[in-house]
Amino acid sequence: QVQLVESGGGMVQTGGSLRLSCTVSGLTFSRWHMGWFRQAPGKEREFVAGITWDNTYYAPSVKGRFTISRDNAKRTVDLQMNMLKPEDTAVYYCAARQGGTYYYAVRSYDYWGQGTQVTVSS
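This is a predicted model, so every value here is computed, not measured.

Trainee: Where do I start with the sheet that holds strand E3 (residues 18–25) in this structure?
Mentor: Hydrogen bonds between backbone atoms are what pair the strands of a sheet, whose relative direction is either parallel or antiparallel. Read across the sheet, four strands follow the order E1-E3-E8-E7 without closing on themselves; strand pairing throughout is antiparallel. Because the sheet does not close on itself, it has two edges, and the strands there are strand E1 (3–7) and strand E7 (66–71). Neighbour to neighbour, the strand axes of the sheet diverge by 15° on average, direction disregarded. Bridging between E3 and strand E8 (residues 76–81) involves six bridges; their strand directions are antiparallel. Residue pairing across strands places Arg 19 opposite Gln 80, the latter belonging to E8.

Trainee: Where do I start with the pattern of salt bridges in this structure?
Mentor: Two side chains that carry opposite charge are able to pair once their charged atoms sit near each other. Under the definition given, this model contains four salt bridges. Note that Arg 38 is salt-bridged to Glu 46, the shortest N-O span being 2.8 Å. The salt bridge involving Asp 88 is made with Arg 38; its shortest N-O contact spans 3.0 Å. You can see Asp 88 sitting in the loop between E8 and strand E9 (90–97) and its partner Arg 38 sitting in strand E4 (residues 33–39), a full 50 residues away along the chain. What makes Asp 88 buried here is its relative accessible area of 1%. Here the residues in one salt-bridge network are Arg 38, Glu 46, Arg 65 and Asp 88, joined through shared partners.

Trainee: Hey, could you run me through the state of the cysteines in this one?
Mentor: What makes a disulfide is a covalent bond joining the sulfur atoms belonging to two cysteines. Counted according to the given criterion, the structure contains one disulfide. The side chain of Cys 22 participates in a disulfide bridge whose partner is Cys 94; the two sulfur atoms lie 2.2 Å from each other. Judged by the torsion about the S-S bond (-80°), the Cys 22/Cys 94 disulfide is left-handed. Highlighted residues: Cys 22 in strand E3 and Cys 94 in strand E9, separated in sequence by 72 residues.

Quick notes on the rules
- Residues numbered from 1 in each chain as written.
- Predicted model: local features only at pLDDT ≥ 70, side-chain atom pairs only at ≥ 80, totals over all residues.
- Heavy atoms only, no water.
- Pairing = 2+ DSSP bridges.
- Helix = DSSP H or I, 4+ residues; strand = E, 2+ residues; numbered from the N terminus.
- Axes fitted to C-alpha atoms, helices over the stretch in contact; angles between N-to-C directions.
- Salt bridge = Lys/Arg side-chain N within 4 Å of Asp/Glu carboxyl O.
- Buried < 20%, exposed > 50% of the residue type's maximum accessible area, 1.4 Å probe, protein only.
- Disulfide = S-S within 2.5 Å.

The analysis is restricted to geometry; functional conclusions fall outside its scope.
The structure is reproduced here in structure tokens:
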């Protein structure tokens, strides 16, 4: 069965950094597209970053601060978050898709992790 497990969340002050990691099992990892989404209290889940075999994609709000990467041998996808702001506070989710139409759409992803909390204090 497919399983995605996130780790690395926590609390940090404005301007600090965190690195999230997602470990994937149960699928041919290198052939899947991966994404990070986040959801703040009272808001809908939103796209943060995505990665295919040769491209990366970022939401405008995080471009230049966050970096997504993958290690196919280790079956992991990471999200390095720098220069964090209070508005980055949310539960962050790892997701996987076989392809589909839109990399930034929640509906395009087939599997999801349980989420990890990121809190940025001012």
